[in-house]
Amino acid sequence: MNPVHADFFAGGAGAERTLRGNLAAFDRLRIVPRVLRATGDRDLRTTLFGAGLATPILVAPTAFHLLAHPGGEAATAQGAAAAGTVMVVSMAATQPVEVIARAGGPLWFQLYPQPDPGFTASVVKRAEAAGCRALVVTVDSPVFGRRERDLRNGFTELPAGLVCENMRDDTGRVRDIAMDATAGWDRIGWLRTVTGLPILLKGVLHPADARLAVEHGVDGLIVSNHGGRQLDGAIATIDALPAVAEAVAKRIPVLVDGGIRRGTDVLIALARGADAVLVGRPVLDALAAGGATAVRDRLRELTAELDHAMALAGARRPDDLTPDLVAVAG
Ligand code: FNR
């Protein structure tokens, strides 16, 4: 891969403290297994918003898949579908959502709320018409993160021929994705008038925001710091998760992403209160290495690792994973 693009995928904001912190936080946690639980074969099936998935490991929304592989987002969708899970399509996808939907599914669609309500509504309608089953509203990006690798590399726009295909308006013109620092909770109420899809907020870290989200009728939360690409210095997601899960008290699904690289990381996230997890860079790395097949295999590998870890920890189903199974290393 072009090293400038590799830096775009791997990098984070600022000094990359949060990027490293997401991984380091898992290193400080240990599993306290149970024994003689007679789990037999494990059952990893997971239901989210009425849809059954083979695994609680989903594909996080990430931008510009055509920079990683000529199959682009369609290859990722094919791999996710073969692994029996959801792909969240990024608003910054380099292929049209209709093309991605033909390659795989189930899909959810990620949205950065745009300042132009008419255009935002048209993007949501388009995702809905393509068959996306939930809307993931990214709320950790009122402004762009300062990604110093990209600034150093001068990576400010896509190479010729590539565009954010889902940013086309009725005239066929491709709009830039705007970050909107004027968005407040009323924006979520407005989105509710535009779509009947379940609405998840992605990028919640504070338990007070989790409570507000429930009060505003949000259908799900993703505890996320954008893989360390927005606010450098933000808390590691696996450290933020317990307080968010407690605030939500099982009223809506809570998902988490950031630094999940092993089945044991998934186990810890589920034990700390997540209903499911998402992975970003592991999927991008697989896509770059081998397209749809490699994406499928990477997701299956993570799922097999989770299954194995659950057997060793005495859990038959994700629901058997409870906070007492995780300790902070001394
Ligand atoms: C992202 N992420 C992201 N999130 C989002 O809501 N919309 C987007 O377009 C993107 N784009 C994007 C590009 C790249 C290259 C990366 C690495 C990440 C964030 C992503 O959804 C997720 O929060 C993190 O990737 C999770 O962390 P890990 O699994 O990469 O450690």
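The name an unreviewed UniProt entry assigns to the protein chain is Alpha-hydroxy-acid oxidizing enzyme, from the organism Actinoplanes cyaneus. Heading Cofactor (unreviewed entry) of the UniProt record for the protein chain holds this comment: "FMN". Per its UniProt entry, the protein chain bears the Sequence similarities (unreviewed entry) comment "Belongs to the FMN-dependent alpha-hydroxy acid dehydrogenase family."

Novice: Can you tell me about the site of the ligand, naming the residues and giving the values?
Specialist: By nearness alone, 24 residues border the ligand, and Pro61, Ser90, Thr138, Asp257 and Arg261 come closest of all. Contact distances for the ligand include 3.3 Å between a nitrogen atom and a side-chain N or O atom of His226. The backbone of Gly259 places a nitrogen or oxygen atom 2.8 Å from an oxygen atom of the ligand. Computed on the free molecule, the ligand has an accessible area of 600 Å², of which 98% lies beneath the protein chains in the complex. Here the element with the most residues in the shell around the ligand is helix 11 (residues 281-313); it accounts for three residues. For the shell around the ligand, the per-class residue count stands at nine nonpolar, ten polar and five charged.

Novice: I'd like a description of helix 11, backed by residues and values.
Specialist: The end-to-end C-alpha distance of helix 11 is 27 Å, clearly below the 48 Å that 33 residues give at a rise of 1.5 Å each. Considering bend angle alone, the principal kink of helix 11 is centred on Gly290 and spans about 135°. Backbone geometry just downstream of helix 11 places Gly314 in the positive-phi region, at approximately 80°.

Novice: I'd love a proper account of the packing of helix 8 (residues 207-215) against helix 9 (residues 237-248), names of residues and values included.
Specialist: Helix-helix packing is described using two parameters, namely the angle between the two axes and the distance between the axes. At a closest axis distance of 8 Å, the pairing of helix 8 and helix 9 adopts a crossing angle of 30°. On the basis of the axis angle, helix 8 is roughly parallel to helix 9. For the pair helix 8 and helix 9, the crossing hand works out as right-handed. For the pair helix 8 and helix 9, the contacting residues are Pro207, Ala210, Arg211 and Val214 in the first and Ala243, Val244, Ala247 and Val248 in the second. Across the contact of helix 8 with helix 9, the residue classes tally to seven nonpolar, no polar and one charged.

Novice: Let's hear about the packing of helix 10 (residues 263-271) against helix 11: which residues, and what values?
Specialist: The geometry of helix 10 relative to helix 11 is characterised by a closest axis approach of 7 Å and an angle of 60° between their N-to-C directions. With respect to the hand of their crossing, helix 10 and helix 11 are arranged in right-handed fashion. Between helix 10 and helix 11, the residues in contact are Gly263, Thr264, Val266, Leu267 and Leu270 and Leu302, Glu305, Leu306, Ala309, Met310 and Ala313, respectively. Grouping the amino acids of the contact of helix 10 with helix 11 by side-chain chemistry returns eight nonpolar, two polar and one charged.

Novice: Go over the packing of aromatic side chains with me, naming the residues and quoting the values.
Specialist: Taken as a whole, this structure holds four aromatic pairs when the rule is applied. Between Phe8 and Phe64, the ring centres sit 5.1 Å apart and the planes meet at 25°, which makes this aromatic pair stacked. Taken together, the residues Phe8 in helix 1 (residues 3-10) and Phe64 in the loop between strand 4 (57-59) and helix 3 (72-82) connect sequence positions 56 residues apart. What makes Phe64 buried here is its relative accessible area of 14%. Above the plane of the ring of Phe119 lies Arg175, whose end atom (NZ or CZ) is 4.4 Å from the centre. One residue, Arg229, lies across the ring of Phe8, its end atom 4.8 Å from the ring centre.

Novice: Can you lay out the pairing of strand 10 (residues 254-257) for me, pointing to particular residues and giving the numbers?
Specialist: Residues Val254 and Val256 of strand 10 are buried on one face, and the alternating residues Leu255 and Asp257, pointing to the opposite face, are buried as well. Strand direction decides the pairing type here: strand 9 (residues 220-223) and strand 10, joined by three bridges, are parallel. Pairing of Ile222 across the sheet is with Leu255, part of strand 10. Crossover handedness for the path strand 9 to helix 9 to strand 10: right-handed. Here strand 10 runs beside strand 11 (residues 276-279); their pairing, made up of three bridges, is parallel.

Novice: A description of the nonpolar core should follow, citing residues and the corresponding values.
Specialist: Formed by 90 residues in total, the largest nonpolar core has its most connected members in Phe64, Phe109, Leu201, Leu221 and Leu299. Sorting elements by how many residues they give to this core places helix 11 first, with 13 residues. Excluding anything up to four places from it in sequence, Leu299 contacts Ile57, Val59, Gly79, Ala80, Ala83, Thr85, Val279 and Val283. Listed in part, the 14 residues of the second largest apolar core include Val86, Ala134, Leu200 and Ala276.

Novice: How would you summarise the environment of Asn166 if you had to cite specific residues and measurements?
Specialist: Counting through the fold element by element, Asn166 comes out in the loop between helix 6 (148-153) and helix 7 (186-194). Sequence spacing of Asn166 and Arg300 is 134 residues, and the spatial spacing of their C-alpha atoms is 29 Å. Setting aside residues no more than four positions away along its own chain, Asn166 makes contact with Ser90, Met91, Ala93, Gln95, Pro96, Val97, Phe109, Phe119, Val123 and Arg126. One polar contact links the side chain of Asn166 to the main-chain amide nitrogen of Val97, over a distance of 2.8 Å.

Conventions and cut-offs
Residues numbered from 1 in each chain as written. Predicted model: local features only at pLDDT ≥ 70, side-chain atom pairs only at ≥ 80, totals over all residues. Heavy atoms only, no water. UniProt positions renumbered as here; feature names shortened; annotations may be inferred. Near = heavy atom within 4 Å. Polar contact = N/O pair within 3.5 Å; in protein donor to acceptor, adjacent residues only side chain to side chain. Areas by Shrake-Rupley, 256 points an atom, 1.4 Å probe, with all protein chains shown as cover. Helix = DSSP H or I, 4+ residues; strand = E, 2+ residues; numbered from the N terminus. Nonpolar A, V, L, I, M, F, W, Y, C, P; charged D, E, K, R; others polar. Expected span 1.5 Å × (residues − 1). Bend = angle between axes of the 7 residues up to and from the residue. Axes fitted to C-alpha atoms, helices over the stretch in contact; angles between N-to-C directions. Parallel < 35°, antiparallel > 145°, perpendicular 65-115°, else oblique. Left-handed = near helix turned anticlockwise from the far one by under 90°. Contact = heavy atoms within 4.5 Å. Phe/Tyr/Trp six-rings, centres within 6.5 Å; stacked < 30°, edge-to-face > 60°. Buried < 20%, exposed > 50% of the residue type's maximum accessible area, 1.4 Å probe, protein only. Lys NZ or Arg CZ within 6 Å of the ring centre and 35° of its normal. Pairing = 2+ DSSP bridges. Right-handed = clockwise from strand over helix to strand, strands pointing away. Core = buried A, V, L, I, M, F, W, Y, C linked by side-chain atoms within 4.5 Å.

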